[in-house]
Amino acid sequence: MGQPPLSQRIQRLERELGIRLFERSSRQVTITHGGALLLAEAREILSRSETLLATARRIRDGESGLLRAALPPDISGETIAALLADFGERQAGTELELHELTTAQQLERFGAGRLDVGLVHHPCDVSGLEIGPLLRRELGVLLRHDHPAARLTDVPLAALAGHDLVLFPRGDAPALHDELLTTCARNGYTPPTVRHGRSPSFIRGLILSSQAVSFSPWDTQPAPPHPQIIWRHLADAPLAWRHSVAWRQGQRDAAVDAFAEAVARALGGTGTVGPDQPLPPLHLRPTAEYWL
């Protein structure tokens, strides 16, 4: 928009509101005190108008009653149940088609237009997507009860030296996989071998049979816990899952907002990085020597 039409629209808005929004001089334009007081509410109105337009597009395309959503495999059953209950209360007229998908699978479906909203791990490539606040879940270590580090309340990563690591397959989230291994190496732990697994029972089997270790948030631990496997905090909390709810650009609507809010409450997390702030950068490194 050119300067004259913009100025005319601002002046028209000022007449409708009955207050001056900007102080103008030949050299600069500054917001008035009244304008500053209205700024937050104006942004909220703009956000709600964008949500209304996205909802209208879904109605036009015949998708108003369905939200295609995804969660990564590391989300616990209790968290999923809480999320579904919360979403159902807020969006009773919307059918939630929920899938278990890795970050890589979600990004592929976003690109193909087959997913409306999902919870992704960072770092990852979010081009073409909009994201909500970053949610952080601290990782601890799972190890056998007779592991020397089991006697510690907080386990340094260096205390795991000499033990294999069980980690999710690299293809699920390549940048996150590499970042975890890099952080481990910087803190004195380079596993002799990285074994790959997703299923909790498979991971427990590797821990029990080979003295391997694995990283996991506390909220994914079974109740009651396995008698021979314990979970310990990592000293100085060097590792964490970092999630964001993501959706396709321009497709945010009331159902997407309800899903994002339900995820945040179910995870018990708090936003630590706003959607307009930079995300952790992608760092890919060759790790073929670790693969099994």
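Worth saying up front: this structure is predicted, and the values here are computed from it rather than measured.

### A few points about the overall build of the protein chain
Thought 1: Secondary structure summary: the protein chain contains seven helices and 13 strands in total.
Thought 2: Across the 292 residues in the protein chain, those meeting the buried criterion constitute 39%.
Thought 3: Intrachain contacts of the protein chain at a sequence separation of at least 6 include 78% that bridge at least 24 residues.
Thought 4: Counting every atom, the protein chain has about 15,800 Å² of accessible surface; 54% of that belongs to carbon and sulfur.

### Notes on helix 3 (residues 77-90)
Thought 1: Compared with the 20 Å implied by 1.5 Å per residue over 14 residues, the 20 Å span of helix 3 between its first and last C-alpha is a close match.
Thought 2: In this structure, the buried residues of helix 3 make contact with strand 3 (66-71), strand 4 (95-100) and helix 7 (254-267).

### Observations concerning the environment of Leu143
Thought 1: Among the structural elements, Leu143 can be located in strand 7 (residues 135-144).
Thought 2: Taking the relative accessible area as the measure of exposure, Leu143 reaches 0% and is therefore buried.
Thought 3: Sequence separation between Leu143 and Leu208 is 65 residues; the distance between their C-alpha atoms is 8.1 Å.

### A short note on the confidence of the model for the protein chain
Thought 1: On average, residues of the protein chain score 84 in pLDDT, and 84% of them are at 70 or above.
Thought 2: Low pLDDT (under 50) marks residues 269-292, which in the prediction has 52 contacts with non-local residues, meaning those over four places away or in another chain.

### Here's the deal with a nonpolar patch on the surface
Thought 1: Among the surface-exposed residues, Leu13, Leu17, Ile19 and Leu38 lie close enough to one another that they form a single nonpolar patch of about 290 Å² accessible area.
Thought 2: Overall, Ile19 belongs to the partly exposed group, its relative accessible area being 33%.

### Concerning the side chain of Asp253
Thought 1: Tracing the backbone through its elements, the reader meets Asp253 in the loop between strand 13 (240-248) and helix 7.
Thought 2: Within the structure, Asp253 has its side chain in polar contact with the backbone nitrogen of Ala255 (distance 3.1 Å).

### Description of the pairing of strand 12 (residues 229-234)
Thought 1: With five bridges joining them, strand 7 and strand 12 adopt antiparallel strand pairing. Within strand 12, the residue paired with Leu142 across the bridge is Trp231.
Thought 2: Taken together, the two bridges between strand 8 (residues 154-155) and strand 12 define a ladder with parallel strand orientation. Within strand 12, the position partnered with Asp154 by the bridge is His233.

### What to know about the pairing of strand 4
Within a regular beta strand, the side chains point alternately toward one face of the sheet and then the other, so they alternate between its two faces.
Thought 1: Examined bridge by bridge, strand 3 and strand 4 share six bridges and lie parallel to one another. Bridged to Ala70 within strand 4 is His99.
Thought 2: Where the polypeptide runs from strand 3 across helix 3 and back to strand 4, its parallel neighbour, the crossover connection is right-handed.

### Quick word on the nonpolar core
Thought 1: The biggest cluster of nonpolar side chains holds 24 residues, and the ones touching the most others in it are Leu160 and Phe215.
Thought 2: Broken down by secondary-structure element, the contributors of at least two residues to this core are strand 7, strand 9 (165-167), helix 5 (174-186), strand 11 (213-217) and strand 12.
Thought 3: With four residues, helix 5 is the largest single contributor of residues to this core.
Thought 4: Once residues lying within four places of it in the same chain are set aside, the contact partners of Leu160 are Val141, Leu143, His147, Val155, Tyr189, Val213 and Phe215.
Thought 5: Formed by 20 residues, the second largest nonpolar core is a distinct cluster that contains Leu71, Leu83, Leu119 and Ala258.

### Overview of the packing of helix 3 against helix 7
Thought 1: Where helix 3 meets helix 7, the axes come as close as 8 Å, and the angle between the chain directions of the two elements is 140°. Remark: the crossing between helix 3 and helix 7 carries right-handed chirality. Contacts from Thr79, Ala82, Leu83, Asp86, Phe87 and Arg90 in helix 3 reach Ala255, Ala258, Phe259, Glu261, Ala262, Val263, Arg265, Ala266 and Leu267 in helix 7.
Thought 2: Classifying every residue of the contact of helix 3 with helix 7 gives ten nonpolar, one polar and four charged.

Reading the values: rules and limits
Residues numbered from 1 in each chain as written. Predicted model: local features only at pLDDT ≥ 70, side-chain atom pairs only at ≥ 80, totals over all residues. Heavy atoms only, no water. Helix = DSSP H or I, 4+ residues; strand = E, 2+ residues; numbered from the N terminus. Buried < 20%, exposed > 50% of the residue type's maximum accessible area, 1.4 Å probe, protein only. Contact = heavy atoms within 4.5 Å. Areas by Shrake-Rupley, 256 points an atom, 1.4 Å probe, with all protein chains shown as cover. Expected span 1.5 Å × (residues − 1). pLDDT = per-residue confidence, 0-100. Patch = residues over 30% accessible without salt bridge, like charges linked within 9 Å, V, L, I, M, F, W, Y side chains within 5 Å. Salt bridge = Lys/Arg side-chain N within 4 Å of Asp/Glu carboxyl O. Polar contact = N/O pair within 3.5 Å; in protein donor to acceptor, adjacent residues only side chain to side chain. Pairing = 2+ DSSP bridges. Right-handed = clockwise from strand over helix to strand, strands pointing away. Core = buried A, V, L, I, M, F, W, Y, C linked by side-chain atoms within 4.5 Å. Axes fitted to C-alpha atoms, helices over the stretch in contact; angles between N-to-C directions. Left-handed = near helix turned anticlockwise from the far one by under 90°. Nonpolar A, V, L, I, M, F, W, Y, C, P; charged D, E, K, R; others polar.

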